[in-house]
Amino acid sequence: MDDVILVGGGIMSATLGTLLQKLEPTWSIRVLERLPRVAAEASDGWNNAGTGHAGLCETNYTTVRSDGSVDIDRAVRIAEQFATTRRFWATLPQADFVRPVPHMTLVQGSDNVEFLRARHHALSSHPMFEAMEYTEDAAVLQQWSPLVAEGRTGSWAATRDVTGTDVDFGAATRQLFDAMTSAGASVETGREVRGLSQDRDGPWRLDVRGGRPVERARFVFLGAGGWALKLLRRAGIPDARCFGLLPISGQFLRCDRSEVVDRHDAKVYGTPPIGAPPMSVPHLDTRIVDGQRSILFGPYAGANPKFLKHGSLLDLPRSISRDNVGSLLSMARANTPLIRLLLSELTATRGKKIAALREFVPSADSADWSIVSAGQRAQIVKNGELRFGTEVVASQDGTIASVLGASPGASTAVPIMIEVLNRCFPERQWDSRLREWLTG
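Procedures and definitions
- Residues numbered from 1 in each chain as written.
- Predicted model: local features only at pLDDT ≥ 70, side-chain atom pairs only at ≥ 80, totals over all residues.
- Heavy atoms only, no water.
- Salt bridge = Lys/Arg side-chain N within 4 Å of Asp/Glu carboxyl O.
- Helix = DSSP H or I, 4+ residues; strand = E, 2+ residues; numbered from the N terminus.
- Buried < 20%, exposed > 50% of the residue type's maximum accessible area, 1.4 Å probe, protein only.
- Expected span 1.5 Å × (residues − 1).
- Contact = heavy atoms within 4.5 Å.
- Polar contact = N/O pair within 3.5 Å; in protein donor to acceptor, adjacent residues only side chain to side chain.
- Phe/Tyr/Trp six-rings, centres within 6.5 Å; stacked < 30°, edge-to-face > 60°.
- Lys NZ or Arg CZ within 6 Å of the ring centre and 35° of its normal.

### Description of the pattern of salt bridges
Inference 1: Counting across every chain of the model gives 31 salt bridges.
Inference 2: Note that D3 is salt-bridged to R218, the shortest N-O span being 3.1 Å. Of the two residues, D3 sits in strand 1 (residues 2–7) while R218 sits in strand 13 (residues 214–222), which places them 215 residues apart along the sequence.
Inference 3: One salt bridge in this structure joins R428 and E427, with 3.9 Å as the shortest N-O distance.
Inference 4: The exposure class of R428 is partly exposed, given its relative accessible area of 36%.

The following block contains the structure:
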């Protein structure tokens, strides 16, 4: 029997396993991944935008209060959480998956310009955002990104923060698992967990397809993306019953042509369509994956019933139960603009996608861009509300836990996993040891 089994070979399992090895080096840890390799779902470098989310460019992390002032609390909190995650990554022997790429925000129209001006004023007064610059000057924008500046007309404004980053989360995940394996953990691919049951004396019994049919562990973490919900239910965890998930697919336009790629060094975020989820905020991203430099534009979010990119078309219908059907229906009624948007993206022509790209790159040549599929995301639905971000779900005895939800999850993986540790092992009081390790 293992001390710990981590189900799923993504960034969350890799982060939690590394923390547990640091805190309890004698514990046995086993990782079970259903696909032939780890980091093949949302953590894969091409299945996400690779943004190190730190509140530098995401307009949805700041809101306007009733008195007209800008609330930056969420942006500051996420910036602090990402800083913690970066300190954790810095402890790795080779943290070459984080690269400096400026973060920019680009808005159009007088109302959006006024908002961005106020947003910059509020953020730049905080020490974590003091490097942020603001411009409405075409010559300055030309210096920041010739690709974005060329041919731009009308009313617009932009901010830039040179402390932004591009992160290859796939490489990060693989490095973490490699380090865990070197320290004695077992990482096993091609092993799919089909069910869980708890023995009377506490440990969990896992039914596994591929290899040994049964594994047992004292603690189980389900880092399986949207599939974690059905595993939580099969395990009989009461707190999982009220959750529903809204799966959202994504596509990007990708450009690898060096003459275009060399003219852009930034992640440029815009403003989302009405009703769109945060992960659908349009952005033009410099990406560096496995040493290859490219540009992605998107995402084009759509409706897809799968909880994982390599999941099943029956994931969504099978997740609906009498415990959550009312919540899901209430969410759908309250978010009709979002539902329409997701359905409309399914039928969007290539011409429509290129037209959206040209709002960021006015001179874009359609021939330079190809459409690629990104990863699946599963947004939380709870109490009739569509919730963004992540939420920890755990059993009362702390022997099994999971994280549901999406962005900015990977960027804030360490604080999320510390919450898991505090929820599941409160008697061990690891906070002081973690703070000492992560602050050096």
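More follows now that the structure is in view.
### Quick look at helix 6 (residues 169–182)
Inference 1: Taking 1.5 Å of rise per residue, the 14 residues of helix 6 would be expected to cover 20 Å, and the 20 Å separating its terminal C-alpha atoms lies within 8% of that figure.
Inference 2: Within the sequence span of helix 6, burial applies to F169, G170, A171, A172, T173, Q175, L176, F177 and M180.
Inference 3: The inward-facing, buried residues of helix 6 contact strand 1, helix 1 (11–23), strand 2 (29–33), helix 2 (73–89), strand 9 (165–167) and strand 10 (186–189).
Inference 4: The opening residue of helix 6, the one whose side-chain oxygen lies 3.2 Å from the backbone nitrogen of G170, is D168.
Inference 5: Just downstream of helix 6, G184 is the residue with a positive phi angle, here 115 degrees.

### Quick word on the packing of aromatic side chains
Inference 1: The final tally for this structure, using the stated rule, is 10 aromatic pairs.
Inference 2: With a centroid separation of 6.2 Å and an interplanar angle of 65 degrees, the aromatic rings of W27 and W430 are classed as edge-to-face. A residue pair is termed long-range when its members are at least 10 positions apart, and W27 in the loop between helix 1 and strand 2 and W430 in the loop between helix 13 (413–424) and helix 14 (431–439) qualify at 403 residues. An identical accessibility class is assigned to W27 and W430; each is buried.
Inference 3: Aromatic side chains F425 and W430 sit 5.2 Å apart centroid to centroid with 40 degrees between the ring planes, which places their arrangement in the tilted category. You'll find F425 and W430 in the same group, each marked buried.
Inference 4: One aromatic cluster in this structure is built from W27, F219, F425 and W430.
Inference 5: Over the ring of W227 we find K230, and its NZ or CZ is 3.7 Å from the ring centre.
Inference 6: When the ring centre of W46 is taken as origin, the NZ or CZ atom of R254, which lies over that ring, is 3.8 Å away.

Without other data, these values stay purely geometric and don't point to any function.
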